[in-house]
Amino acid sequence: MKKLFGNLLAVGLALVVSMCNTTSIQEQEEQEYTEAQLGNEKVTVDPVSMEEELLDLVNDHRASIGENVLQESPSSYKYAEEHNQYMISHNKLSHDNFEDRASQIAAETNAVLVSENVARYYTTAEIILEAWLNSSSHKEAMEGDFTHTTLSVQLDKDGRPYYTQIFLKVE
């Protein structure tokens, strides 16, 4: 009887923890969306201008910390664009299929290292840069030992932007 009670208690605790994690993730995502929109109500993002502005900010940041300025990798753009389309179609922020994407990019560009940053709903390049700098994994990618980059910005059906920036080290 004690064993049965102990097992039931463990299962119940696991359910509570998983429900809390799900709620926390959803709440965090909603909060991030709200924060991304603060002060930016009814702002329309021009994807082409945003790509240029954010790439400039990333390179300005890299230069300010003594890192090289990244060259653009036009051949990798299609992978960033496809990943944005994937995230939009699944209505989620993700790094799904990154290993496949990185392998294809490496094969086409002779890259020895590939990384990526993703974001969604942010409406200014400054806010995205700040968010990536406040995330250790995003900051590590942005400040890493890379030589090239590409960035795709695409809008979902509601006009909300999705971002995929890919970093490459080509020798």
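Just above sits the structure.
Let me begin by describing the structure that accompanies this report. (Residues numbered from 1 in each chain as written. Predicted model: local features only at pLDDT ≥ 70, side-chain atom pairs only at ≥ 80, totals over all residues. Heavy atoms only, no water.)

Throughout the structure, instances matching the rule amount to 8 salt bridges. Ionic pairing is found between Arg101 and Glu116, a salt bridge with its closest N-O pair at 2.9 Å. Of this pair, Arg101 sits in helix 4 (residues 98-109) while Glu116 sits in strand 2 (residues 111-120), and the two are 15 residues apart along the sequence. With respect to class, Arg101 is no different from Glu116; both count as buried. Measuring nitrogen to oxygen at the nearest pair gives 3.6 Å for the salt bridge that ties Lys157 to Asp158. Asp158 gets classed as exposed once you look at its relative accessible area, which sits at 51%. If you follow the salt bridges from partner to partner, you end up with Asp156, Lys157, Asp158 and Arg160 in one network. (Salt bridge = Lys/Arg side-chain N within 4 Å of Asp/Glu carboxyl O. Helix = DSSP H or I, 4+ residues; strand = E, 2+ residues; numbered from the N terminus. Buried < 20%, exposed > 50% of the residue type's maximum accessible area, 1.4 Å probe, protein only.)

Running from amino to carboxyl end, helix 2 (residues 47-64) crosses helix 5 (residues 125-133) at an angle of 45 degrees, the nearest separation of the two axes being 9 Å. One finds that helix 2 runs oblique with respect to helix 5. Classified by chirality, the crossing of helix 5 by helix 2 is right-handed. Between helix 2 and helix 5, the residues in contact are Met50, Glu53, Leu54, Leu57, Val58 and His61 and Ala125, Glu126, Ile128, Leu129, Trp132 and Leu133, respectively. (Axes fitted to C-alpha atoms, helices over the stretch in contact; angles between N-to-C directions. Parallel < 35°, antiparallel > 145°, perpendicular 65-115°, else oblique. Left-handed = near helix turned anticlockwise from the far one by under 90°. Contact = heavy atoms within 4.5 Å.)

We now examine the environment of Pro74. By the secondary structure assignment, Pro74 is in the loop between strand 1 (71-72) and helix 3 (77-90). For Pro74, a relative accessible area of 67% puts it in the exposed group. Sequence separation between Pro74 and Leu151 is 77 residues; the distance between their C-alpha atoms is 9.3 Å.

Time to look at the packing of aromatic side chains. For the coordinates displayed, the defined rule picks out 2 aromatic pairs. The interplanar angle of 40 degrees and the centroid separation of 5.7 Å between the aromatic rings of Phe146 and Phe167 together place this pair among those described as tilted. Taken together, the residues Phe146 in the loop between helix 6 (136-142) and strand 3 (148-155) and Phe167 in strand 4 (residues 161-170) connect sequence positions 21 residues apart. Each of the two residues, Phe146 as well as Phe167, counts as buried. (Phe/Tyr/Trp six-rings, centres within 6.5 Å; stacked < 30°, edge-to-face > 60°.)

It is worth spelling out the sheet that holds strand 1 at this point. Strands in a sheet are paired, the pairing made by backbone hydrogen bonds, and the direction either parallel or antiparallel. If you trace the 4 strands from one edge of the open sheet to the other, you get 1-3-4-2, paired in mixed fashion. The open sheet terminates on both sides in strands that have one partner only, identified here as strand 1 and strand 2. Bridging between strand 1 and strand 3 involves 2 bridges; their strand directions are parallel. By the bridge assignment for strand 3, Glu72 is matched with Thr149. Set on the sheet, helix 3 makes contact with strand 2, strand 3 and strand 4; between it and strand 3 the angle comes to about 35 degrees. Sitting on the sheet, helix 4 touches strand 2 and strand 4, and the angle it makes with strand 2 is about 135 degrees. (Pairing = 2+ DSSP bridges.)

Looking now at the pairing of strand 4. Burial within strand 4 is extensive, with 9 of its 10 residues counted as buried. With 9 bridges connecting them, strand 2 and strand 4 associate as antiparallel partners. Within strand 4, the position partnered with Ala119 by the bridge is Tyr163. Bridging between strand 3 and strand 4 involves 8 bridges; their strand directions are antiparallel. Its bridge partner being in strand 4, Gln154 is matched across the sheet by Tyr162. The turn linking strand 3 back onto strand 4 is made up of 5 residues, and Gly159 within it adopts a positive phi angle of 80 degrees.

Our focus in this paragraph is the side chain of Ser94. Following the sequence through the fold, Ser94 ends up in the loop between helix 3 and helix 4. Every residue in contact with Ser94, bar those within four places of it in the chain, is listed here: His83, Tyr86, Met87, Glu116 and Val118.

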